[in-house]
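Coordinates in review
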Amino acid sequence: MRTPLVVGVDAGATSTRCLVSAIDGTVLGRGHAAGANQNSSGGRPAEALAGALRMALDGLDPADVALGVIGAAGAAAAGAAEARQAAEEAWHATGLRGALHSVTDLEVAFSAGTSHRQGLLLLAGTGAAAVAFRDGVPFVRCDGYGWLLGDEGSAVWQGREALRAVLCALDGRGPATLLTGPVTAALDVDAQDDPEGHAQALVRVAYRRPPAALGLLAPLVGAAAGAGDEVARGIAAAAAGHLLHALDVVARRAGRPDGSPVVLAGSVLLTAGPVAALVRTGIQERFGAGPAEARDGAAGAAALAVAALTGSPVGAAVHARLTVTR
């Protein structure tokens with residue numbers, strides 16, 4: 001009898017990543033594609049999911065896949081039906097017939113950072129949320145409401161604040177900022193001598209792009225803050241403040257067990273910069289220990305798939321094989 005395989009997919013707003021593994025945690029294939037968040041990525045999520053699955057399954061027999069877990073940003077209760085539909089469409093389009101489980105990106109992120117079944121997760125990438133886990137499932141959460149209604153401190157939030165700061169500098173409502181040149185260049189807008197024309201050109205381009213694209217401006221905030229720009233420093237400090245406040249709220253509401261991990265996930269918190277530094281310092285001060293890191297959401301989804309297939313929590317050795325960074 002051939003060894004059953006599992007599939008783990010992390011379908012984020014900016015990118016989609018897929019991992020195929022054996023149940024002992026041996027990684028056999030990886031794939032990637034564009035973002036697959038129905039709320040902010042643009043395009044068709046099912047196409048991105050199918051593309052990542054096909055790449056990861058190259059050279060493998062889809063018939064050997066016994067179970068898959070697809071974690072998707074925007075797949076909480078409000079978007080669960082749409083996320084499930086996209087996942088099933090992609091699953092069948094790539095010839096997979098094993099069982100399919102759909103979860104949120106929060107669950108795969110927590111699973112990627114630890115083999116423990118309880119603890120806290122703070123995620124800040126394209127979106128942002130803080131979650132307390134109990135028995136491996138979300139128990140209490142804050143934010144994660146999407147670019148329009150929440151995600152405070154996320155890359156998109158920072159990008160939006162950076163663009164707002166530039167517009168305020170151009171029309172006189174705010175101080176001059178080092179962000180103006182980099183933001184203008186990042187949006188492929190030609191700088192203009194007329195401030196009003198410059199502002200209108202930025203607005204026109206920004207509204208023509210999917211909301212998730214604003215997240216690409218977030219690294220500019222860190223760079224400008226590092227260069228001493230007070231406006232950028234204020235944005236970075238506010239972002240860290242929002243994230244730590246959300247973490248405080250879930251820790252207070254859920255009651256964090258002693259010794260349980262705090263897991264960081266998302267590009268904002270896993271890439272060096274002022275927001276990540278402030279958040280890490282805040283966690284150390286609050287909990288007396290540094291955080292764990294969720295570097296590969298697809299590996300977290302695969303760990304969930306192994307647990308679902310075997311009927312028992314994933315052991316530390318299997319988790320380590322799945323999540324080892326290349």
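Refer to the structure printed above.
Described in the following lines is the structure provided in the data block. (Residues numbered from 1 in each chain as written. Predicted model: local features only at pLDDT ≥ 70, side-chain atom pairs only at ≥ 80, totals over all residues. Heavy atoms only, no water.)

Side note on the overall build of the protein
Looking only at helices and strands, the protein has 13 helices and ten strands in total. Relative to a compact globule of 326 residues, whose C-alpha radius of gyration would be 20 Å, the protein shows 20 Å and is just as compact. Viewed in the frame of its principal axes, the protein has a C-alpha envelope of about 70 × 45 × 35 Å. Taking all 326 residues of the protein together, the buried fraction comes to 51%. In the protein, once contacts between residues fewer than 6 apart in sequence are set aside, the share between residues at least 24 apart is 65%. With an accessible surface of roughly 14500 Å², the protein has 54% of that area assigned to carbon and sulfur atoms. Taken as two groups, the 25 positive and 29 negative side-chain charges of the protein have centres that lie 4 Å from each other. (Helix = DSSP H or I, 4+ residues; strand = E, 2+ residues; numbered from the N terminus. Rg over C-alpha atoms; globule rule 2.2 N^0.38 Å. Buried < 20%, exposed > 50% of the residue type's maximum accessible area, 1.4 Å probe, protein only. Contact = heavy atoms within 4.5 Å. Areas by Shrake-Rupley, 256 points an atom, 1.4 Å probe, with all protein chains shown as cover. Lys, Arg positive; Asp, Glu negative; His and termini not counted. Charge placed at Lys NZ, Arg CZ, Asp CG, Glu CD.)

Brief notes about the sheet that holds strand β8 (residues 137-143)
One open sheet accounts for five strands, arranged β8-β7-β6-β9-β10; its pairing is mixed. Every other strand in the sheet has two partners, leaving β8 and β10 (292-294) as the edge strands with one partner each. Each strand of the sheet is rotated relative to its neighbour by a mean of 25°, with strand direction disregarded. Relative to the sheet, helix α3 (residues 105-113) contacts β6 (119-124), β7 (128-134), β8, β9 (262-265) and β10, its axis offset from that of β6 by approximately 115°. Each of β6, β9 and β10 touches helix α11 (residues 274-287); the most contacted strand, β9, lies at about 175° to it. (Pairing = 2+ DSSP bridges. Axes fitted to C-alpha atoms, helices over the stretch in contact; angles between N-to-C directions.)

Notes on the environment of Ala-86
Its place among the elements puts Ala-86 in helix α2 (residues 80-93). For Ala-86, a relative accessible area of 11% corresponds to the buried category.

Some points on the packing of α3 against helix α12 (residues 297-310)
Contact geometry for α3 and α12: axes closest at 7 Å, N-to-C directions at 90°. If you check the angle between α3 and α12, you find them roughly perpendicular. Touching Glu-107, Val-108, Ser-111 and Ala-112 of α3 are Gly-297, Gly-300, Ala-301, Ala-303 and Leu-304, all from α12. Taken together, the residues that form the contact of α3 with α12 break down as five nonpolar, three polar and one charged. (Parallel < 35°, antiparallel > 145°, perpendicular 65-115°, else oblique. Nonpolar A, V, L, I, M, F, W, Y, C, P; charged D, E, K, R; others polar.)

Focus: the sheet that holds strand β1 (residues 5-11)
Strands in a sheet are paired, the pairing made by backbone hydrogen bonds, and the direction either parallel or antiparallel. Reading across the sheet, the five strands line up as β3-β2-β1-β4-β5 and stay open at both edges, with mixed pairing between neighbours. Two strands lie at the open edges of the sheet, namely β3 (27-34) and β5 (99-104), each paired on one side alone. Between one strand axis and the next, the sheet turns through 15° on average, direction left out of account. As paired strands, strand β4 (residues 65-72) and β5 are joined by six bridges and run parallel to one another. In the strand pairing of β5, Leu-67 is matched with Ala-99. Sitting on the sheet, α2 touches β1, β4 and β5, and the angle it makes with β5 is about 145°.

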